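Examining the three-dimensional arrangement
Spelled out, the chains give:
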Amino acid sequence: MSQSSAASIDLSFNQLGEEEEAMRRIGEGIKHASSLSELSLRGNFTLDRGVILISSGLKGNASLTSLDLSQNDLTGVAMKALVTALKVRKGIERLILAHNHLSAEGTFHIGNYLKVDRRIVYLDLSHNEINEPTSKVFFTALKHNKKLEELIYVGNDMRTEGCGMLGCAIEVHPTLKRVRIWGNNVGDEGGHHFFRSLRNNRTLLSAECGTNKMGEKTCLSAALTLHHNSTLTELDLSSTSSTDKGAIALFNALQTNSTLSKLAISLSRSEGVSTSAVHISNALNSCPLSSLSLAHFDWAGQSSIVIDTIASNTSLTHLEFDHCSIAGAFNTISMALPHNTSLLSLCLDECSLSDQHMPSLAQAIQLNTTLESISLRRNEVHQSGAKSLFSTMHDNAGLHSIDVAGNPLGFEGRQRICEGLKDGVARLRYLGGLVLRDHRGTLELPADSQFSKLDEGASNEEILKILRSRWP
């Protein structure tokens, strides 16, 4: 810390928390580091005295803009010392306090800091078990902030009223652009209030709200918001358990919305057959979406309506069907994929795909000139399917990532994949679903190859890099 020329210092996970002398030296180092801009003390379980010493150093530092104190179990006393220093310092732009089990007192101090701060643009309070009463106090304070651009509030215990108050704060906030609140306990009513508040907002670009026990009422409210809001570009409602009615309302709203580029939504597992295929098709023809993630959709015999639209779509770069019943329309997918010229990433996780689907998929991938990544996690691909998938893709130089984790490949299936790698699919940079170092013999890595320099813990990425060197 004595080097004034260091711009970024990472002291994460060094067990410094109980060493007062070490924390004193760090505090002194911060004070005199004239060009230090980023500091991480993540995972040191810093005691109150240590935070006080660091905070003292912060008061005298004029260059630091990013501070990471996540995973330190900061107490109310520690937070008070930190906030006091930050009020004097007035230069921190990024503050990361995730995984600290913040108390009501600690969150209160952060809220008060936001009221007066004019520099902080990024705040991460995720996974702090912040309860509903404390969330309400914090979001009341947020209404007075005029600078924050990104708030991460993931994995806390915010509920209906807290989310409503967050929405009210966003409604009047002049700079907030991104909010991540997935993994709370907002509920359908809370989601409804949240999106109702966004109808007149003109700054928010991204709202990640998945896994919050939201449902139909939330989706209907979000749909109405999309009719009025012209700035939101990313909306994540994954794991919302929406009804078909809510999903259709969203897709209909997209027909009049020209700004949303990324959407994730899922139906309730008990919803049954969806009638949304035509509505999705119309939305894709009207709205320039670049990313679409759909989970638990079952279109019965209407899947081809969606797939035909995708074939001619020129804006989608990421398409995800997660746990969707598309096996019956797989021939349509195989015929559409070679003609699509924009898709970079395709996810077909848990779509009940089997060995019989792999030959046509492999041929489609071979003919497609833009696809870079494909995920087939948790399907029913066995040995023959693995062989089909990896033995006919030699001509596709653009495909960089394949994930087949969770499939019943068996030892023989994994061997077939390695044979495909050996014969030319080694342009891959990522492969999920098997451990390549367990198949060194099949991959025919000579003793004098680069692999001999790697230990037994060599990652797939390291081995693939060696294999790629065979094909310039």
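For the structure given in this document, a descriptive report is provided here.

The rules behind each value
- Residues numbered from 1 in each chain as written.
- Predicted model: local features only at pLDDT ≥ 70, side-chain atom pairs only at ≥ 80, totals over all residues.
- Heavy atoms only, no water.
- Helix = DSSP H or I, 4+ residues; strand = E, 2+ residues; numbered from the N terminus.
- Buried < 20%, exposed > 50% of the residue type's maximum accessible area, 1.4 Å probe, protein only.
- Contact = heavy atoms within 4.5 Å.
- Areas by Shrake-Rupley, 256 points an atom, 1.4 Å probe, with all protein chains shown as cover.
- Pairing = 2+ DSSP bridges.
- Right-handed = clockwise from strand over helix to strand, strands pointing away.
- Polar contact = N/O pair within 3.5 Å; in protein donor to acceptor, adjacent residues only side chain to side chain.
- Core = buried A, V, L, I, M, F, W, Y, C linked by side-chain atoms within 4.5 Å.
- Salt bridge = Lys/Arg side-chain N within 4 Å of Asp/Glu carboxyl O.
- Axes fitted to C-alpha atoms, helices over the stretch in contact; angles between N-to-C directions.
- Parallel < 35°, antiparallel > 145°, perpendicular 65-115°, else oblique.
- Left-handed = near helix turned anticlockwise from the far one by under 90°.

A word on the overall build of the chain
For the chain, the helix and strand inventory stands at 17 helices and 16 strands. Based on the C-alpha atoms only, the size of the chain along its principal axes is roughly 65 × 60 × 30 Å. Each of the 472 residues in the chain was classed as buried or not, and the buried ones make up 53%. Expressed as a percentage of contacts within the chain between residues at least 6 apart in sequence, the contacts between residues at least 24 apart total 84%. For the chain, the computed accessible surface area is about 19,400 Å², with 49% contributed by carbon and sulfur atoms.

Structural notes on the pairing of strand β9 (residues 234–242)
Note that strand β8 (residues 206–208) and β9 share three bridges and pair parallel. The residue bridging A207 from the neighbouring strand is L235, located in β9. In this fold, the crossover linking β8 to β9 by way of helix α8 (residues 216–228) has right-handed handedness.

Examining the environment of K177
Secondary-structure assignment places K177 in the loop between α6 (160–172) and β7 (178–180). Looking at K177, the relative accessible area reads 32%, which means it is partly exposed. Between the C-alpha atom of K177 and that of L148, which follows or precedes it by 29 residues, the distance is 8.3 Å. In contact with K177, other than residues within four places in its own chain, are E149, T203, L204, L205 and S206.

Some details on the side chain of T218
Among the structural elements, T218 can be located in helix α8. Side chain to side chain, T218 and D188 meet in a polar contact 2.8 Å long. In contact with T218, other than residues within four places in its own chain, are G187, D188, G191, H192, F195 and L237.

Brief notes about the nonpolar core
By size, the foremost hydrophobic cluster in this structure holds 133 residues, and its most contacted members are L235 and F321. Not counting the four nearest positions on each side in its chain, L235 is found in contact with F195, A207, A222, L226, L250, L260, K262, L263 and A264. The next biggest cluster of nonpolar side chains, apart from the first, holds five residues, and it includes I96, V121, Y122 and I152.

Notes on the pattern of salt bridges
Under the counting rule described, the total for this entry stands at 12 salt bridges. A salt bridge links R49 to E20, with the shortest nitrogen-to-oxygen separation between them at 3.3 Å. Of this pair, R49 sits in helix α2 (residues 48–59) while E20 is found in helix α1 (residues 20–32), placing the two residues 29 residues apart along the sequence. Classification of R49 as partly exposed rests on a relative accessible area of 43%. Among the residues examined, E20 registers a relative accessible area of 44% and is labelled partly exposed. E161 serves as the salt-bridge partner of K136, at 2.8 Å between the closest nitrogen and oxygen. Of this pair, K136 sits in helix α5 (residues 132–142) while E161 is found in helix α6, placing the two residues 25 residues apart along the sequence.

Describing α5
Residues E132, T134, S135, F138, F139, A141 and L142 constitute the buried set of α5. Where α5 is buried, its residues contact α4 (104–116), β5 (122–124), β6 (150–152) and α6.

Some details on the packing of helix α10 (residues 277–286) against helix α11 (residues 303–312)
Where α10 meets α11, the axes come as close as 8 Å, and the angle between the chain directions of the two elements is 15°. For the element pair α10 / α11, the angle class is roughly parallel. The way α10 lies across α11 gives a crossing that is left-handed. Here A277, V278, I280, S281, L284 and N285 of α10 lie close against α11, whose contacting residues are I305, V306, T309 and I310.

Quick look at helix α7 (residues 187–197)
Buried residues of α7: G187, G190, G191, H192, F194, F195 and S197, and no others. Turning to α7, the residues buried within the fold contact α6, β8, α8 and β9.

Details of the environment of F13
With respect to the helices and strands, the residue F13 is situated in the loop between β1 (8–10) and α1. In the structure, F13 is positioned 75 residues away from V88 in sequence and 28 Å away in space, judged by C-alpha atoms. Setting aside residues no more than four positions away along its own chain, F13 makes contact with R42, G43, N44 and Q71.

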